[in-house]
Structures are given as C-alpha cells and as structure tokens.
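Chain by chain, the residues:
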Amino acid sequence: MSDIIAHIKQVLLEITPYIQQDGGDLEFIEYNDRTGVVTVQLHGACVGCGLSQVTLKAGVERLLKAKIPSVSSVRAV
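Let us look at the structure shown here. (Residues numbered from 1 in each chain as written. Predicted model: local features only at pLDDT ≥ 70, side-chain atom pairs only at ≥ 80, totals over all residues. Heavy atoms only, no water.)

Section: the side chain of T39
- Inspection of the secondary structure puts T39 in strand 2 (residues 37–44).
- Overall, the relative accessible area of 2% leaves T39 in the buried class.
- A distance of 3.4 Å separates polar atoms of two side chains, one belonging to T39 and the other to R75.
- Not counting the four nearest positions on each side in its chain, T39 is found in contact with E27, F28, I29, E30, R75 and V77. (Helix = DSSP H or I, 4+ residues; strand = E, 2+ residues; numbered from the N terminus. Buried < 20%, exposed > 50% of the residue type's maximum accessible area, 1.4 Å probe, protein only. Polar contact = N/O pair within 3.5 Å; in protein donor to acceptor, adjacent residues only side chain to side chain. Contact = heavy atoms within 4.5 Å.)

Focus on the pattern of salt bridges
- A complete count under the given rule lists two salt bridges for this structure.
- For K67, the salt bridge identified is with E14, shortest N-O distance 3.0 Å. Here K67 is found in helix 2 (residues 52–67), whereas its partner E14 is found in helix 1 (residues 2–21), with 53 residues between them in sequence.
- Owing to a relative accessible area of 37%, K67 belongs among the partly exposed residues under this scheme.
- A relative accessible area of 36% places E14 in the partly exposed class. (Salt bridge = Lys/Arg side-chain N within 4 Å of Asp/Glu carboxyl O.)

And the structure:
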C-alpha cells in the first residue's frame, strides 16, 4: 500500500502548484485501501471557497482516478 500512497502524493504534488496560484493548498491526510477514498485537507484560500468542491471533484479526484485505478473518490476534512 505504501506504493499507492507514494503515487497519490506524487500526483498531488503535480496538482498543488495550480491550486497555490490561487492562494490555496491541499495536504494529503490518508488513503483507505478498503474503500479507495483519499482524504485531503484544504488550506488557504480553498477554505470556505464555494468552488473548492468543484476543484476537488473535477480536478483532483478526476486526475487521481485516471492515474491510480484503486482510487474511488477524494474527500476533504
């Protein structure tokens, strides 16, 4: 499972510069290998932003699912 987590973190590193351009950030929290759910925490401008869920689902989740088939969804805490 550590290979999957390393891959998830690598994909998130590819995404974060785009999120940081708008003053936000995200942090990997955990990956549940039973459910395939990746949990992240939003920071900065992403906190309270009405579009953060769109970024999370249409951006982060879509890319993670495309690159890592075992990922089923992404959620923020």
